[in-house]
Amino acid sequence: MIRKPKLPVIIPSKMLFFIALFAILAAGASVAPAATSQALRKDVLERLAHLQNVVVNYDMDLDYPPNHRIMKFSQKFLARLKKEHPGIHPVPIVGHYLYACRFSFLHGLMRYDKILLFFSRISAPLIKSILTITPERAESLQYQLHFMKAPIGTIAARASLPNFLPIVWALGLRSPPFPPHDAVPHWLGNKALHKMKFVKTGPDTFSLIQRRPSGYRCRWFFKSKPALELVGQTVSWSGYGIKRFVVQKGQCSDFHKIGGLLLPGRIVETGFVGKLGVGNTEILTKIKYTIGAASNTPKSYLILWPTGSSVIDERINHVFHIGVHRTYLTDKEIFSILRRQDRSGKIKH
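Cut-offs and rules
Throughout, a residue's number is its position along its own chain's written sequence, starting from 1. At least 70 in pLDDT is required for a residue's local features to be given in this predicted model, at least 80 for side-chain atom pairs to be given and counted, and no such filter applies to totals for whole chains, interfaces and linings, which use all residues. Only hydrogens and water are set aside; all other atoms, that is, all heavy atoms of the structure, feed into the side-chain values. Residues qualify for a patch when their relative accessible area is over 30% and they have no salt bridge, like charges being joined within 9 Å and the nonpolar side chains of Val, Leu, Ile, Met, Phe, Trp and Tyr within 5 Å. Residue burial considers only the protein chains on display, and all accessible areas are found by Shrake-Rupley using a 1.4 Å probe. What makes a salt bridge here is a side-chain nitrogen of Lys or Arg within 4 Å of a carboxyl oxygen of Asp or Glu, nothing more. Only DSSP runs of H or I with at least four residues qualify as helices, and only runs of E with at least two residues qualify as strands; both kinds are numbered from the N terminus onward. Three exposure classes are used, based on accessible area relative to the maximum for each residue type with a 1.4 Å probe and protein chains only: buried under 20%, partly exposed in between, and exposed over 50%. Each Phe, Tyr or Trp ring (for Trp, its six-membered ring) is paired with any other whose centre lies within 6.5 Å, and the angle between the two planes then decides the class: stacked below 30 degrees, edge-to-face above 60, tilted in between. Whether a charge sits over a ring depends on NZ of Lys or CZ of Arg being within 6 Å of the ring centre and within 35 degrees of the ring normal. By definition here, a helix of n residues has an expected span of 1.5 Å times n minus one. Starting at the helix axis, one direction is taken to each C-beta atom, and the arc is that of these directions. Here a polar contact means two N or O atoms within 3.5 Å. Within protein one must be a hydrogen donor candidate and the other an acceptor candidate, and residues neighboring in sequence count only if both atoms are side-chain atoms. Between two residues, a contact is recorded if the distance between any of their heavy atoms is within 4.5 Å. Whether two strands pair depends on DSSP finding at least two bridges between them. What pLDDT reports is the predictor's confidence in each residue, on a scale of 0 through 100. By nonpolar core we mean a set of buried residues, namely Ala, Val, Leu, Ile, Met, Phe, Trp, Tyr and Cys, connected to one another through side-chain atoms within 4.5 Å.

1. Brief notes about a nonpolar patch on the surface
- There is a patch of nonpolar side chains on the surface, built from Leu-98, Leu-117 and Phe-118 and spanning about 240 Å² of accessible area.
- If you trace the backbone, Phe-118 turns up in strand E3 (residues 109–119).
- On the basis of relative accessibility, which here comes to 41%, the residue Phe-118 falls in the partly exposed class.

Here you go:
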């Protein structure tokens, strides 16, 4: 008997795919579905909710690099400014600064403390500045720590939210641009986040885009796995027939798990002066976060005015002179002080 040779069985490639898929499902394995835009937006909102009580301490390295094109532009601008305002003596900002900073946030209350530790151009004394912003008022104070015996501070009815703090966008608390381009300053919330355009940029990455009426476009970049990370931001602008260009770029790295969130240990922000090049670079390092601190209370968003300081209340055009005891100036206390001040303007205790 003649045996027929066994021919190899040829299976089409599409059939192989379905056989492999059937084997995986039969073995009990499953493929996790990709996260939806709604789920990823929810993750961003939950991250924001966890950061409503946060205190951050860090070092800030601020550099204004020498740039001939920017310097030339600045000199022309400052010359025109001096001509329009003869009493001022503006100078271009250049050099290298090092600060120790503390940023505090509590449900829309903001406080920013910084101490100038180093300036490359001169031997600078330790200069401390404080800025607080609440829905009702704003306070500011700047003084030399060891030499200034009579620092001057101000109280104003309101102030624009700051456009100079990389920590603010890195935490995702608010978006640039800032007044006067925007009519109403605001912290980010549920409504603003839901209005942003969602763009899937990769298997585990996405971005949220906010367009402002003033021509600015802010884009946040996120990584969704293994957990949510805000890895960067880009701000660009176009208008008046000018093609869109980048105003600011930010990048976050060296993430650490803090209070269930992944937060950056290093933040870099680069500012651009149109097409003239890099205007400044800020690098935040040695970042330490405290989430949900019991000591972060509304009262800590009032400045404890130092002894000997003068405080100008711009709302009522009045100057308060702080005596031998450091003093808070709430509106209730201001009303009480006005009733018991002596003729010299010093506060009686």
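More follows now that the structure is in view.
2. Details of the packing of aromatic side chains
- Under the defined criterion, the tally for this structure stands at 9 aromatic pairs.
- Summarising the aromatic geometry, the rings of Tyr-97 and Tyr-99 are spaced 6.2 Å apart at their centres and angled 10 degrees between planes, so their arrangement reads as stacked. Just as Tyr-97 is buried, Tyr-99 falls in that class too.
- Pairing Phe-105 with Trp-187 gives two aromatic rings, centres 4.9 Å apart and planes at 70 degrees, and the pair type is edge-to-face. Here Trp-187 lies in the loop between helix H4 (166–171) and helix H5 (190–195) and Phe-105 lies in strand E2 (residues 95–106), a separation of 82 residues in the sequence.
- Among the aromatic residues, those joined into a cluster by ring pairs are Tyr-64, Tyr-97, Tyr-99 and Phe-119.
- The ring of Tyr-99 is capped by Lys-114, whose NZ or CZ atom sits 4.5 Å from the centre of that ring.

3. Quick notes on helix H2 (residues 37–50)
- When the terminal C-alpha atoms of H2 are compared, their 20 Å separation across 14 residues agrees well with the 20 Å that a helix rising 1.5 Å per residue should span.
- Along H2, the residues classified as buried are Leu-40, Arg-41, Val-44, Leu-45, Arg-47 and Leu-48. The buried residues of H2 occupy an angular sector of 155 degrees when the element is viewed end-on, so they sit on one face. For H2, the exposed residues lying more than 90 degrees away from the buried face are Gln-38, Lys-42 and Ala-49.

4. Some points on the environment of Glu-139
- Relative to the helices and strands, Glu-139 is located in strand E5 (residues 138–144).
- Among the polar contacts listed, one links the side chain of Glu-139 to the side chain of Arg-137, at a separation of 3.0 Å.

5. Description of the environment of Asp-313
- With respect to the element layout, Asp-313 can be found in strand E14 (residues 310–313).
- In this structure, the C-alpha to C-alpha distance between Asp-313 and Thr-154, residues 159 residues apart in sequence, is 5.8 Å.
- The contacts of Asp-313, once residues within four sequence positions are left out, are Ile-155, His-318, Phe-320 and Ile-334.
- Side chain to side chain, Asp-313 and Arg-315 meet in a polar contact 2.9 Å long.

6. A short note on unusual backbone geometry
- With omega at 5 degrees, the peptide bond leading from Lys-225 into Pro-226 counts as cis.
- Positive phi values are uncommon outside glycine, yet His-107 reaches one of about 45 degrees.
- With respect to the secondary-structure elements, His-107 resides in the loop between E2 and E3.

7. Focus: the pairing of strand E6 (residues 152–156)
- Here E5 pairs with E6 via 5 bridges, running antiparallel. From the neighbouring strand, Ala-138 faces E6, where its bridge partner is Ala-156.
- Bridging between E6 and E14 involves 4 bridges; their strand directions are parallel. From the neighbouring strand, Thr-154 faces E14, where its bridge partner is Ile-312.

8. Observations concerning the confidence of the model for the chain
- Residue-level pLDDT values for the chain average 82, and 75% of them are 70 or greater.
- Contacts for the low-pLDDT stretch residues 4–32, under 50 throughout, to residues beyond four places or in other chains number 3 contacts.

9. Describing the nonpolar core
- One finds Val-56, Tyr-58, Phe-103, Ile-167, Leu-171, Leu-173 and Ile-267 to be the most contacted residues of the largest nonpolar core, which totals 54 residues.
- Residues within four places of Phe-103 in sequence aside, it is in contact with Val-54, Val-55, Val-56, Tyr-58, Met-110, Arg-111, Leu-165, Ile-167, Val-168, Leu-171 and Leu-173.

10. Some points on the side chain of Arg-111
- Its place among the elements puts Arg-111 in strand E3.
- Residue class for Arg-111 comes out buried when judged on its relative accessible area of 15%.
- Among the polar contacts listed, one links the side chain of Arg-111 to the side chain of Asp-113, at a separation of 2.8 Å.
- Engagement of the side chain of Arg-111 in a polar contact is seen with the backbone oxygen of Leu-302, the distance being 3.4 Å.

11. Some thoughts on the pattern of salt bridges
- Per the counting criterion, the structure on display carries 7 salt bridges.
- Two residues, Arg-111 and Asp-113, come together in a salt bridge whose shortest N-O distance is 2.8 Å.
- Residue class for Asp-113 comes out buried when judged on its relative accessible area of 11%.
- With a shortest N-O distance of 3.0 Å, Arg-137 and Glu-139 are connected by a salt bridge.
- Assessed through its relative accessible area of 7%, Arg-137 is described here as buried.
- When salt bridges with common partners are traced through the structure, they connect Arg-137, Glu-139, Asp-313, Arg-315 and Asp-331 into a single cluster.

12. Focus on the pairing of strand E11 (residues 242–258)
- For strand E10 (residues 229–239) and E11, the ladder comprises 7 bridges, and the chain directions are antiparallel. From the neighbouring strand, Ser-236 faces E11, where its bridge partner is Val-246.
- A loop of 2 residues connects E10 with E11, the two strands running antiparallel in sequence, and Tyr-240 in this loop sits at a positive phi of about 55 degrees.
- Summarising the sheet, E11 and strand E12 (residues 261–272) pair through 10 bridges and their orientation is antiparallel. Looking at the pairing, Gln-248 lines up with Gly-271 of E12.
- Between the end of E11 and the start of E12, which pair antiparallel, lie 2 residues, with Gly-259 showing a positive phi angle near 55 degrees.

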